[in-house]
Amino acid sequence: MSFLTVGCGDLAISSTEYTKQVAQENNVAQLIAEVQDSQKAEKLFIQGNNFLDTSRYKEALIFYNQAIEIKKDSVETWVNRGNALIALHRYEEALESYDKAIAIRPNKNEAWYNRGNALSALRRYEEAVKSYDEAIVIEPDKFEAWINRGIALTKLRRYKEGLASYNQAIRINQNSHQAYYNKACNYALQNKPDLAIEYLVKAMQMQPEKYQKLAQTDTDFDKIRDKKEFQELLK
């Protein structure tokens, strides 16, 4: 008597091939789903950016939150979400958003820079300086980070370090009127009227109306406000 030799081995091979096929189909389906999710998240991100660019921050935040629900590892979305929150003066939440971005990509310059801005808004100047330092390590020529670092140092009454920071900003960008203005503030706080006026003049040469108006009410100039030269400059 002979038996058909359809043994367990043959059945096992068929079962393995079927399993492989199912696994491949599942992988393909998963990849398709991931691509679709990524495209949806990108679309929401772009919509959020459109609202951010037109100063509609609450609407921008809604779309960024929806994008993050789909794609939680999007560094750019976390950063722009933080930017919208800063614009809404929700600084603690903004800080959390930047921290999320940094956890995903530690060398994200914009996250460190804007984290410093959020901390400055919260008057946590020591921490702000550290964030600006991180941003500068990544992008040494970011003059805005040098300026804001200088402001934080000046708030801490570390005037010499603040001036050095402004000077670095000016070396990078000689047309940085913000740096000249903040140098003037720094010197005014130290009650050095001649130097304060010298750098205020430089700022006003670049942006006359802006800095003339700003200096009229800026309390940083209170120590030198009665000086004749200062009063004449603001006429």
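Small disclaimer: the values here were computed from a predicted structure and weren't measured.

About the cut-offs
- Residues numbered from 1 in each chain as written.
- Predicted model: local features only at pLDDT ≥ 70, side-chain atom pairs only at ≥ 80, totals over all residues.
- Heavy atoms only, no water.
- Salt bridge = Lys/Arg side-chain N within 4 Å of Asp/Glu carboxyl O.
- Buried < 20%, exposed > 50% of the residue type's maximum accessible area, 1.4 Å probe, protein only.
- Helix = DSSP H or I, 4+ residues; strand = E, 2+ residues; numbered from the N terminus.
- pLDDT = per-residue confidence, 0-100.
- Contact = heavy atoms within 4.5 Å.
- Expected span 1.5 Å × (residues − 1).
- Arc of directions from axis to C-beta.
- Axes fitted to C-alpha atoms, helices over the stretch in contact; angles between N-to-C directions.
- Parallel < 35°, antiparallel > 145°, perpendicular 65-115°, else oblique.
- Left-handed = near helix turned anticlockwise from the far one by under 90°.
- Nonpolar A, V, L, I, M, F, W, Y, C, P; charged D, E, K, R; others polar.
- Phe/Tyr/Trp six-rings, centres within 6.5 Å; stacked < 30°, edge-to-face > 60°.
- Lys NZ or Arg CZ within 6 Å of the ring centre and 35° of its normal.

**Quick notes on the pattern of salt bridges**
And step 1. Summed over all chains, the structure comprises eleven salt bridges.
And step 2. The salt bridge involving arginine 225 is made with aspartate 222; its shortest N-O contact spans 3.2 Å.
And step 3. Judged by its relative accessible area of 47%, aspartate 222 falls in the partly exposed class.
And step 4. Taken together, the salt bridges that share partners define one network made up of Glu92, Arg124 and Glu127.

**Quick word on the environment of lysine 160**
And step 1. Structurally, the position occupied by lysine 160 is in helix H8 (residues 159-172).
And step 2. In the structure, lysine 160 is positioned 27 residues away from tyrosine 187 in sequence and 9.7 Å away in space, judged by C-alpha atoms.

**A word on the confidence of the model for the protein**
And step 1. Counting all residues, the mean pLDDT for the protein is 89, and 85% of those residues have values of 70 or more.
And step 2. Contacts of residues 1-13 to residues separated by more than four positions or lying in other chains number one contact, the stretch itself having pLDDT below 50.

**Looking at H8**
And step 1. Under the 1.5 Å per step criterion, the end-to-end length of H8 is 20 Å for 14 residues, consistent within 8% with the ideal 20 Å.
And step 2. Listed in full, the buried residues belonging to H8 are Tyr159, Gly162, Leu163, Ser165, Tyr166, Ala169 and Ile170. The buried residues of H8 occupy an angular sector of 160 degrees when projected down its axis, which confines them to one face. Exposed and oriented more than 90 degrees from the buried face of H8 are Lys160 and Arg171.
And step 3. Of the surrounding secondary structure, the elements contacted by the buried residues of H8 are helix H7 (143-155) and helix H9 (177-189).

**As for the packing of helix H4 (residues 91-104) against helix H5 (residues 109-121)**
And step 1. One way to put it is that H4 packs onto H5 with a least axis distance of 9 Å and a crossing angle of 160 degrees. When the axis of H4 is compared with that of H5, the two are roughly antiparallel. The element H4 and its partner H5 pack so that their crossing is left-handed. Where H4 abuts H5, its residues Tyr91, Leu95, Tyr98, Asp99, Ala101 and Ile102 lie against Ala111, Trp112, Asn114, Arg115, Ala118, Leu119 and Ala121.
And step 2. In terms of residue class, the contact of H4 with H5 is built from ten nonpolar, one polar and two charged.

**Things to note about the packing of aromatic side chains**
Geometrically, a pair of aromatic rings is defined through the distance of the ring centres and the angle of the planes.
And step 1. Counting across every chain of the model gives eight aromatic pairs.
And step 2. Ring geometry for phenylalanine 45 versus tyrosine 64: centroids 6.1 Å apart, planes at 45 degrees, classification tilted. With phenylalanine 45 in helix H1 (residues 8-53) and tyrosine 64 in helix H2 (residues 57-70), this residue pair connects regions lying 19 residues apart in the sequence.
And step 3. Judged by relative accessible area, tyrosine 64 falls into the buried class, the value being 0%.
And step 4. Ring centres 4.8 Å apart and planes at 25 degrees place the aromatic pair tyrosine 181 and tyrosine 211 in the stacked group. On the criterion of sequence distance, the pair formed by tyrosine 181 in helix H9 and tyrosine 211 in helix H11 (residues 208-217) is long-range, its members being 30 residues apart.
And step 5. An aromatic cluster is present here, built from Tyr181, Tyr211, Phe221 and Phe230 joined pairwise through their rings.
And step 6. Seen from the ring of tyrosine 113, lysine 142 lies directly overhead, with NZ or CZ sitting 4.5 Å from the centre.

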